[in-house]
Amino acid sequence: MTLDTALDLRRAIAALSTGFRRLKGIGDEGMDAGDEIDFDEWDWEVGVGLYGEFRRAEAEGDTAALARLARWYDRQIARGLPRRQVNSTAPMLALALLAERLGPEEGREDWRGLIHDWAAWLHTTMPKTEEGGYQHTVKERENDGQLWDDTLVMAVLFVAQAGRMFGRRDWIEDAHYQYLTHVRFLGDRETGLFFHGWTFEGRHNYARALWARGNAWVTIAIPELFRICPPEGAIAHYLREVYLTQVRALRALQNPEGLFHTLLDDPASPVEASGTAGIAYGVLAGLREGLIGPEYGDIVTRALPALIGRIDEAGFLNDVSDGTPMGETLEFYRQIPNLPTPYGQALGSLFLMEYDRAV
């Protein structure tokens, strides 16, 4: 697929949506833009996609799409939500933004009650690591004592949004503290990039893997915090510098085709389309928020054709690294197979929708 016109971009976005449904086992016969959102599950990859769809609908004033989002949330809440953990928090962000946009006059006290209760649980009850970090609990395991890059997008942005929504300064400060804590323990001072994870049980960064998708979560998380609940003073200054340093390092590691590798500093490791899409989205977000100058826009323009060229006829984004638990060796990351995944579709869509709005 080549990018010649805005129509090609819209076709690529539609193809990714079709691929997402196919990966989820949802038929697309008769589907069009007016149909209901048909993902009958509540998880982080759907949460990423819902966030992108909310931002698109908000930017375009698409009230029909906002109403579809509202109906999806009502159906999911009615059927019962899963156990609370980091990844199951991801869909709460778009719900909180939607509830805030509708305002109290819409009478959605059921939503507001859920948002308040979930944010309070994260702030007070969810397992914490030493020094008060959000432990990266997931549905499969507790991950005792572990900090992961993913948590900033999956859970901390929601706490910041809920804090703004309810005027809870303690929640906002908690969100800002989580950024400082994650940067402290996951940041690599030598490169300006981020390790996949940290454990307080042994106090180490596992394989010290500079994992592409993990770095993408940080590239996304910092500008989105400035969008949702802007930090001020020293915290704002610190995060701006951290973000700029990371983007500068990433720019030097983008390969000639416009992609990033699974291990950012290892060009012999597989290319990674979901990490590339996430980084490119994060750079667009940083440009939007004024955190970086236009000279970094070439990261985006180089990534765009490389990603669109990896969308196949079935709508699948190829060269996406499979689900990645914490690796003890760098070889572990090199051996992870590439295959289409729902989160690859979601990150690809997030990037392309943001690009479509920005141009």
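Everything in this summary refers to the structure shown in the same document. (Residues numbered from 1 in each chain as written. Predicted model: local features only at pLDDT ≥ 70, side-chain atom pairs only at ≥ 80, totals over all residues. Heavy atoms only, no water.)

### Re the environment of Asn-318
Here is step 1: Along the chain, the position of Asn-318 falls in the loop between helix H11 (298–308) and helix H12 (330–334).
Here is step 2: According to the relative accessible area criterion, Asn-318 is partly exposed, its value standing at 25%.
Here is step 3: Separated by 302 residues in the primary sequence, Asn-318 and Leu-16 have C-alpha atoms spaced 11 Å apart.
Here is step 4: Once residues lying within four places of it in the same chain are set aside, the contact partners of Asn-318 are Ala-273, Arg-310, Asp-312 and Pro-340. (Helix = DSSP H or I, 4+ residues; strand = E, 2+ residues; numbered from the N terminus. Buried < 20%, exposed > 50% of the residue type's maximum accessible area, 1.4 Å probe, protein only. Contact = heavy atoms within 4.5 Å.)

### Some thoughts on helix H7 (residues 169–186)
Here is step 1: Given a rise of 1.5 Å per residue, 18 residues ought to cover 26 Å, and the 26 Å separating the end C-alpha atoms of H7 matches this to within 8%.
Here is step 2: Taken as a whole, H7 has its buried residues at Trp-171, Ile-172, Asp-174, Ala-175, His-176, Gln-178, Tyr-179, Thr-181, His-182, Val-183, Phe-185 and Leu-186.
Here is step 3: Buried-residue contacts for H7 involve helix H5 (109–124), strand S1 (146–148), helix H6 (151–166), strand S2 (197–199), helix H8 (212–228) and helix H9 (233–253). (Expected span 1.5 Å × (residues − 1).)

### Details of the packing of H11 against helix H13 (residues 342–358)
Here is step 1: One can describe the packing of H11 onto H13 by two numbers: an axis separation of 11 Å at closest approach and a directional angle of 125°. One finds that H11 runs oblique with respect to H13. For the pair H11 and H13, the sense of crossing is left-handed. Packed against H11, whose contacting residues are Val-300, Leu-304, Leu-307 and Ile-308, the element H13 presents Phe-351, Leu-352 and Tyr-355 at the interface.
Here is step 2: Split by residue class, the contact of H11 with H13 holds seven nonpolar, no polar and no charged. (Axes fitted to C-alpha atoms, helices over the stretch in contact; angles between N-to-C directions. Parallel < 35°, antiparallel > 145°, perpendicular 65-115°, else oblique. Left-handed = near helix turned anticlockwise from the far one by under 90°. Nonpolar A, V, L, I, M, F, W, Y, C, P; charged D, E, K, R; others polar.)

### Regarding the packing of aromatic side chains
Here is step 1: Counted according to the given criterion, the structure contains 12 aromatic pairs.
Here is step 2: Seen from their ring centres, Trp-42 and Tyr-73 are 5.8 Å apart, and the 80° between their planes marks the pair as edge-to-face. Here Tyr-73 lies in helix H3 (residues 63–79) and Trp-42 lies in the loop between helix H1 (6–23) and helix H2 (44–60), a separation of 31 residues in the sequence. There is no split in this pair, since Trp-42 and Tyr-73 are both buried.
Here is step 3: Ring geometry for Phe-185 versus Phe-200: centroids 4.9 Å apart, planes at 65°, classification edge-to-face. Here Phe-185 is found in helix H7, whereas its partner Phe-200 is found in the loop between S2 and H8, with 15 residues between them in sequence. Comparing Phe-185 with Phe-200, the two get one shared label, buried.
Here is step 4: Grouping aromatic residues by their ring pairs yields a cluster made of Trp-42, Trp-72, Tyr-73 and Trp-118.
Here is step 5: Here the basic side chain of Arg-108 rests over the ring of Trp-111, its NZ or CZ set 4.0 Å away from the ring centre.
Here is step 6: Positioned above the aromatic ring of Tyr-296, the side-chain terminus of Arg-251 is 5.2 Å from the ring centre. (Phe/Tyr/Trp six-rings, centres within 6.5 Å; stacked < 30°, edge-to-face > 60°. Lys NZ or Arg CZ within 6 Å of the ring centre and 35° of its normal.)

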